[in-house]
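Commentary on secondary and tertiary structure
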Amino acid sequence: MARTVPESKYLNNATVYPYKLKLEGDSLRFEVQGNIPIASVMAIRNSKLKLYFVSQSRKMELGEIPLIREGTVFRFEKGYSLFFEDWMLGASLELQFVQQKRSGEEVLEKRLLTKGVLAPQLMVKLGEVYSDEPIPEVGAYILSGQTDKDAAQKGEFVVYFDPGASQLKKNAAYQSTLNELDVFLQNFPLLQSFKITGLQSPETSEGKSSQLGMARASAVKKGLADRLQAFPDSLIRIDSRWNDWFDLRLLLRDYEGISTQRKDEMYAVLMNRESFQDQYSRLVKIPGFSQVQKDLFPKLRAVKIEIVAKPRKGLTMEQTRKLNVALKNTTSGSLLTLEEWIQAAEATNSLDEKALIYSKMTEYFHSPLPYNNMAVVRMRQAQRTLDYGSKEILWDEADRLLVQAYRVEANPYSLHNQGQILALKGNYWDAYKKLSEASVGIQNKDLVRRNEALRGALDILRGDYKLATLRFDYEFSDPKDYFNKGLAFYLIEDFSEANAAFEESVILGRSFGYGYYGLAMIAAGSGQAEIALIHLKRAVESNRQLAEKAFQDPVFQELRETEEFFSVFNSRR
């Protein structure tokens, strides 16, 4: 019967380097070393040293480690290179000192060398669907010649307040802001999001309570009540920021009241990941900051209104009548022009209706557009099913349609969409080749941005992090793209750029959660436990998947040894 020595006797000097295992490419590389005093081993014959990788579901034996006699100790040292498998993420590296007996092997002592694997690159988002997360939008439609005109537009409006006050000032400036907001909504009535964020300045007159910003946001929401009635509550978000330099950094970009040198000094402080108060103490020592306070702090006594919306599209009543006739018509000939068919398909939000229209278009027009766009419909329908077999059927149909679209006319959209499907299937190398093909000769700016963002995500998985950072040199509207950008910079240890990208991800989608997780990784790595816990709390409140990951991620190993870490998770219940 196996027995384990309760106290460390043999393996006290055993270590692994690096202490936290790290995924590099597709492998884990590490070295186990140490020594065992000869006096303790002499009484034990047939003793061996073995290494195991152990998880809850698997146990991999990594073989015996030779013991080499040197003076008064038996020294051991052995390097390993293992092909990484997903189950290793939460597994432990366990060293066992065993004695071989006729009756079997007896474990004399075990030592846990390390647990988990540092693999932030595996968090990269490729468009996969996970429970507890929004469904990502995949696939690129070929649109009518109005791509830029029909794309979602972002409107930003600011309402200012008196120092320390949360009452609306219904003056001429406020009315002007309302007029601008109304014009925007008239031009772009198809709302995608309506965000109201209350701010407050660090000025003494603004008080020390974090409630002022939220009170201001609530006052603005109440003032816009009549306008907001037309939109679903799910599209309207109200939030606040306090003890946060994000908005000051935005104002500094266009501020000309100080020299570029002084501005760079301030940026360095604002990005150094110290606490808010420590950053403030440093800022006031920089020449010119008093002028910044005078000019820019009043602009932080405000509420930001951020709206994302699209213009209304659709057919006239007569065109709609012709469309309905055409959809039922089994004879040849189209009652609508190609542009009218495209307009009808783009106007509906129903994937089933889009599929019906694009399918009918293939009968009337020799064009890659209906085949490509029908494929995108199938890709997005696949996103909405949890059954993997059903997903594969929809992906296969989409791929056949994309092949047909490319046969009709070579185009980058169909290549990009094929690359997206391959990425979702986990066929990363073929996906990368297809996306590289698509990148040749792309004219549409939105497709360039989409294609490069997906290539960048695959670069991260391929281990080419520097190249990945270059792929993300665009403005994005999806928080996952900024998260992927942050990962790329994090992996080359450019934490300033990573921090900025993770923050952008948070601003675009706080409920996404991953931006907060990235900020927590940076804070934990720099020893800022309190800040890391704040970000981690926000991450796990947003996303259950991240809560599970945080429990096994080695980047939070030191935090997991504190009571505060577990309070983050208890607060979710």
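Please read these numbers as outputs of a predicted model, since none were measured by experiment.

What follows deals with the sheet that holds strand E13 (residues 236-240). Spatially, E11-E14-E12-E13 is the arrangement adopted by the 4 strands of the open sheet, whose pairing is mixed. Pairing within the sheet leaves two strands with one partner each, and these edge strands are strand E11 (153-160) and E13. Across this sheet, the average inter-strand angle for adjacent strands is 15°, counted without regard to direction. Bridging between E11 and strand E14 (residues 302-310) involves 8 bridges; their strand directions are antiparallel. Note on E14: the bridge partner recorded for Glu156 is Glu306. Contacts from helix H4 (residues 211-223) reach E11, strand E12 (190-198), E13 and E14 within the one sheet, and its direction differs from that of E13 by about 150°.

Glancing now at the confidence of the model for the protein chain. For the protein chain, the average pLDDT comes to 87, and 93% of its residues sit at 70 or higher. Every residue in residues 1-6 is under pLDDT 50, and counting partners more than four places away or in other chains gives 13 contacts.

Across 8 bridges, E12 lies against E14 in antiparallel orientation. Looking at the pairing, Leu190 lines up with Lys310 of E14. Pairing geometry for E12 and E13, over 5 bridges, is parallel. Among the inter-strand pairings, Lys195 is bridged to a residue of E13, identified as Arg237.

Moving on: the packing of aromatic side chains. Scanning all chains against the criterion turns up 26 aromatic pairs. On the numbers, 6.1 Å between centres and 5° between planes, the contact of Trp245 with Tyr280 is stacked. In this pair, Trp245 sits in the loop between E13 and helix H6 (246-253) while Tyr280 sits in helix H8 (residues 276-283), placing the two residues 35 residues apart along the sequence. The buried category is assigned to Trp245, whose relative accessible area is 4%. Taking the centre distance of 6.4 Å and the plane angle of 80° together, the rings of Phe483 and Phe512 count as edge-to-face. Here the residue Phe483 occupies a position in helix H19 (residues 479-491), and Phe512 occupies one in the loop between helix H20 (495-508) and helix H21 (514-525), the gap between them amounting to 29 residues. Phe483 gets classed as buried once you look at its relative accessible area, which sits at 0%. Of the residues examined, Phe512 reaches a relative accessible area of 9% and is grouped as buried.

With the exception of glycine, the majority of residues adopt a negative phi angle, and the majority of peptide bonds are in the trans configuration. Here Tyr17 and Pro18 are connected by a cis peptide whose omega angle stands at -5°. Here Pro18 lies in the loop between strand E1 (15-17) and strand E2 (21-24). Located in the positive-phi region is Asn243, a residue other than glycine, with phi close to 50°. Mapped onto the elements, Asn243 comes out in the loop between E13 and H6.

The subject of this paragraph is the environment of Gly518. Note on placement: Gly518 falls in helix H21. With 31 residues separating them along the chain, Gly518 and Leu487 place their C-alpha atoms 7.5 Å apart.

The next subject is the side chain of His416. Looking at the element boundaries, His416 is found in helix H15 (residues 412-424). Here His416 falls in the buried class, since its relative accessible area comes to 3%. Within the structure, the side chain of His416 is placed 2.8 Å from the side chain of Asn451, a separation counted as a polar contact. With sequence-adjacent residues up to four places away left out, His416 is seen in contact with Ala140, Leu435, Ala438, Leu447, Arg450, Asn451 and Leu454.

Their axes nearest at 8 Å, the elements helix H13 (residues 368-383) and helix H14 (residues 388-408) cross at an angle of 165°. In terms of their interaxial angle, H13 and H14 are classed as roughly antiparallel. Along this stretch, H13 crosses H14, giving a crossing that reads as left-handed. In this structure, H13 uses Pro368, Tyr371, Asn372, Met374, Ala375, Arg378, Met379, Gln381, Ala382 and Gln383 to contact H14, whose residues at the interface are Lys391, Leu394, Trp395, Glu397, Ala398, Leu401, Leu402, Gln404, Ala405 and Val408. Broken down by class, the residue content of the contact of H13 with H14 amounts to 13 nonpolar, 4 polar and 3 charged.

Looking now at the layout of surface pockets. Taken as a whole, the second largest pocket encloses approximately 1100 Å³ of empty space. Looking at the second largest pocket, it is lined by 37 residues, and the ones nearest its centre are Asp86, Leu122, Glu128, Tyr130 and Tyr428. For the lining of the second largest pocket, the element with the most residues is helix H23 (residues 544-550), which contributes 4 residues.

Parameters at a glance
- Residues numbered from 1 in each chain as written.
- Predicted model: local features only at pLDDT ≥ 70, side-chain atom pairs only at ≥ 80, totals over all residues.
- Heavy atoms only, no water.
- Pairing = 2+ DSSP bridges.
- Helix = DSSP H or I, 4+ residues; strand = E, 2+ residues; numbered from the N terminus.
- Axes fitted to C-alpha atoms, helices over the stretch in contact; angles between N-to-C directions.
- Contact = heavy atoms within 4.5 Å.
- pLDDT = per-residue confidence, 0-100.
- Phe/Tyr/Trp six-rings, centres within 6.5 Å; stacked < 30°, edge-to-face > 60°.
- Buried < 20%, exposed > 50% of the residue type's maximum accessible area, 1.4 Å probe, protein only.
- Polar contact = N/O pair within 3.5 Å; in protein donor to acceptor, adjacent residues only side chain to side chain.
- Parallel < 35°, antiparallel > 145°, perpendicular 65-115°, else oblique.
- Left-handed = near helix turned anticlockwise from the far one by under 90°.
- Nonpolar A, V, L, I, M, F, W, Y, C, P; charged D, E, K, R; others polar.
- 1 Å grid on protein atoms, 1.4 Å probe; cavity = no way out; pocket = protein on both sides within 12 Å on 5 of 7 lines; lining within 4 Å.
- Points joined across faces, edges and corners; volume = space filled by probe spheres on them.

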